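Here's the letter readout for the chains.
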Amino acid sequence: MPAPRLLPSAALLGATTLLLSACTGSAGSPDEDGGAAADQGETLSVVTSTDVYADLAQQILGDTAEVTALVDNAAADPHSYEATPQDRLTVDGADVILANGGGYDPFLARLAVTSGKEDAVYQLLEGENAHAEEDEGEDAEDEHDDDRAEDDHDEDDQAEDDQAEDDQAEDDHAEDDQAEDAHEGHGHSDDFVNEHIWYDLAAMSDFARDFHEHMAEISPENAELYQDNAAALAEEIDAMDQRNRAIDADGMSFLATEAVSQFLLTDAGFEDATDPQFLAAIEHGDDVSARIYQQALSAAADQEIDLLSYNPQTETNQSAQIREAAEDAGVAVLDFNETIGDEHDSYLEWMDANITAVETLVEESRG
């Protein structure tokens, strides 16, 4: 069954915008093409985590802003991106910092804090923008301290412990049989949330409208330009969303090596056959457990799925083996990246290519 979304797109985006600090507005005047351009020297500086949001922001803001993406390399994984000193300087000079949130781009949140720019952050997904594994690390340290305290107490009662160890030995074999399942269920399915919302076209349409209103408060003289640009962008995204939802993929299923394409494919009618624990492990930077990995490998090799959705930017030895099994079995494989990539000039062109690939696959499957 497809994983549920966090919130309806409009509610999610409307609730997540953070207040910005007062920024110098860019006084604009209509140019020959009917648009507005920022006065010389007052162009806004906008910094985004990835080229996805840089492209969307630039389309809305036009010449009134200079937009810079910190991650624009198709070979880089934004989840594990490590900021550079140049990134710090870029954020230092930003009027607006545009983040995905939801634990996807915590490097940008950290840079904002370091630069004293927390109030300049606009974040699509609410909540602290930090990976779950960071919190888990703190919990693990606390548990370790508790364990050591218990060990000290046990040393005082060593005689009782010896007897307890003898009794426990009888149960060791049963516990070993259950250990793998206990590890696999350690918070993964409950903690997994798909933060890749730029593949949710309805959410991106809402974002365009919401972001233009937000930026109009910062640069009110350009409000009309932002409104017109955002409306045109949202209209194109809405058209792609309708086209994607019209794909007849009912009865077909996919397995994903990472959740990046989940929204797009489930909206197209596919059933998500990926174990949530598989996705949670990938999101947390962990290896997938042996049992769940074998299930995914078998699903691909035995043609239990119609599509393997593959993210080359988060490739691991396990995901590469699953891809090989799918290709050997004749299962269709489609790549879905986190960033736009050099072969596409814009978010719209990139998403159009993704939808075309899905349309073609379904048409060929239907004969």
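Residues numbered from 1 in each chain as written. Predicted model: local features only at pLDDT ≥ 70, side-chain atom pairs only at ≥ 80, totals over all residues. Heavy atoms only, no water.

Visitor: Which parts of the structure should I look at to understand a negative patch on the surface?
Guide: Judged by side-chain charge, Asp 72, Asp 342, Glu 343, Asp 345 and Glu 349 come together as a negatively charged surface patch. Locating Glu 343 in the fold gives a position in the loop between β10 (332–335) and α15 (347–366). On the accessibility criterion, Glu 343 (55% relative accessible area) is exposed. (Patch = residues over 30% accessible without salt bridge, like charges linked within 9 Å, V, L, I, M, F, W, Y side chains within 5 Å. Areas by Shrake-Rupley, 256 points an atom, 1.4 Å probe, with all protein chains shown as cover. Salt bridge = Lys/Arg side-chain N within 4 Å of Asp/Glu carboxyl O. Lys, Arg positive; Asp, Glu negative; His and termini not counted. Charge placed at Lys NZ, Arg CZ, Asp CG, Glu CD. Helix = DSSP H or I, 4+ residues; strand = E, 2+ residues; numbered from the N terminus. Buried < 20%, exposed > 50% of the residue type's maximum accessible area, 1.4 Å probe, protein only.)

Visitor: Any chance you could explain unusual backbone geometry here in plain terms?
Guide: Peptide bonds are, in most cases, trans, and in most cases residues other than glycine have a negative phi. In this model, Gln 303 sits at a positive phi of 55°, which is unusual for a non-glycine residue. With respect to the secondary-structure elements, Gln 303 resides in the loop between α13 (290–301) and β9 (307–310). Classification of Gln 303 by relative accessible area gives exposed; the value is 52%.

Visitor: Teacher, can you tell me more about the environment of Glu 349 here?
Guide: For Glu 349, the position within the fold is in helix α15. Apart from residues lying up to four places away in sequence, Glu 349 is in contact with Glu 343 and His 344. (Contact = heavy atoms within 4.5 Å.)

Visitor: Before we go on, may I ask you to explain the sheet that holds strand β8 (residues 271–272) in this structure?
Guide: In a beta sheet, neighbouring strands pair by backbone hydrogen bonds and run either parallel or antiparallel. Ordered by their spatial adjacency, four strands build an open sheet running β8-β7-β9-β10, and the pairing between neighbours is parallel. Edge positions in the open sheet fall to β8 and β10, since each of these has one partner strand only. With two bridges connecting them, strand β7 (residues 253–256) and β8 associate as parallel partners. Paired with Ser 253 across the strands is Glu 271, a residue of β8. Where α15 meets the sheet, it contacts β9 and β10, and its direction lies at approximately 175° from that of β10. (Pairing = 2+ DSSP bridges. Axes fitted to C-alpha atoms, helices over the stretch in contact; angles between N-to-C directions.)

Visitor: Could you clarify how one ought to interpret the sheet that holds strand β6 (residues 121–125) in this entry?
Guide: Taken in spatial order, the four strands line up as β4-β3-β5-β6 in an open sheet, and their pairing is parallel. In this open sheet, the two strands that pair with only one neighbour each are β4 (65–71) and β6. Recorded for the sheet is a direction-independent mean angle of 20° between the axes of neighbouring strands. In this structure, strand β3 (residues 44–50) lies alongside strand β5 (residues 96–101), joined through three bridges in parallel fashion.

Visitor: Just checking my understanding: could you explain the pairing of β5 for this structure?
Guide: Consecutive residues of a regular strand have side chains that alternate between opposite faces of the sheet. Taken across its six residues, β5 has six buried, putting it largely inside the fold. Looking at chain direction, β5 and β6 are connected through four bridges and run parallel. Residue pairing for β6: Gly 101 is matched across the bridge by Leu 125. Handedness of the β5-helix α4 (residues 106–114)-β6 crossover: right-handed. (Right-handed = clockwise from strand over helix to strand, strands pointing away.)

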